[in-house]
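Coordinate analysis (summary)
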Amino acid sequence: MKRLLVCTVIMAVVLTFGTFASAAIYTFDFNSLENGSGPGAISTYMTNIFGNSVVVSNYPVSSSASIIDPSSDPSRYGAFFETKFLGALGNNTAMPGFTIAFGVPITSLSFDWGSYYDRFGAYYLQGTVWNNILIIGGSPDSHHVEFTFPEPVSTLLFNGYQQSVWMGIDNLTVTTAAVPEPGTLILLGLGLLGLGLTRYRTGRE
């Protein structure tokens, strides 16, 4: 009984006072990428910053996600972005867009957005359902978004609202959840092991 009490106290102390690595924040400004870089190069760039897998994909497949430099067409992009951004070009049958899948779930994000017709959609995947981060239109609306998810998510979708035009995001910042430090996990494991051994011995007696 005494050992059981000691193990329980250890676990309570660990859970209450154990140290956790602070939430990590990562920002993607896309400026180091070449103009016209596609999903593969963008995924590699984001993975290197994030430290875990990040996969950028065209959505739908007929869309065309790429890095766009506003200086290449300032009359078109310059009203929204001053530096390179992650954009997508649509065609006559699909609205432009892309997905971003993170290997480690994120808890919040912020980003700047722009689109040719000032129409934009942003979503996160929860189970099999796309939930709204932002569905917006009209020039009076802000072009900067900050959002905290109800629970950690791994996949984001950004898209425009008109075919055959462009949309994009820049300065994407994501936050991952705080995780227990290795020392905290070891102490918790020892507490659980001690609790298991105590129960085992009690059962044999």
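Keep in mind that this is a model prediction, so the values were computed, not measured. (Residues numbered from 1 in each chain as written. Predicted model: local features only at pLDDT ≥ 70, side-chain atom pairs only at ≥ 80, totals over all residues. Heavy atoms only, no water.)

The next subject is the nonpolar core. M46, I100 and F158 are the most contacted members of the largest nonpolar core, which has 35 residues in total. Apart from residues lying up to four places away in sequence, F158 is in contact with P96, G97, F98, I100, L109, F111, F120, G121, A122, M167 and I169. Judged by nonpolar contacts, the second largest core, of five residues, contains I68, F81, F85 and W166. (Core = buried A, V, L, I, M, F, W, Y, C linked by side-chain atoms within 4.5 Å. Buried < 20%, exposed > 50% of the residue type's maximum accessible area, 1.4 Å probe, protein only. Contact = heavy atoms within 4.5 Å.)

This part takes up the packing of aromatic side chains. In this structure the tally under the stated criterion is 20 aromatic pairs. Relative to F85, the ring of F81 lies with its centre 4.1 Å away and its plane at 25°, an arrangement referred to as stacked. Of the residues examined, F81 reaches a relative accessible area of 4% and is grouped as buried. F85 gets classed as buried once you look at its relative accessible area, which sits at 0%. Members of the aromatic cluster, each reached through a chain of ring pairs, are Y77, F80, F81, F85 and W166. (Phe/Tyr/Trp six-rings, centres within 6.5 Å; stacked < 30°, edge-to-face > 60°.)

What follows covers helix 2 (residues 39–50). Here helix 2 is twelve residues long and its end C-alpha atoms lie 16 Å apart, about the 16 Å a rise of 1.5 Å per residue gives. Within the span of helix 2, buried status applies to I42, S43, Y45, M46 and F50. Down the axis of helix 2, the buried set is contained in an arc of 165°. They therefore lie on one face. For helix 2, the exposed residues set more than 90 degrees away from the buried face come down to G40 and N48. On its buried face, helix 2 sits against strand 2 (25–28), strand 3 (54–58), strand 4 (64–68), strand 5 (85–89), strand 6 (97–115) and strand 10 (166–176). Just beyond helix 2, the residue with positive phi is G51, at close to 85°. (Helix = DSSP H or I, 4+ residues; strand = E, 2+ residues; numbered from the N terminus. Expected span 1.5 Å × (residues − 1). Arc of directions from axis to C-beta.)

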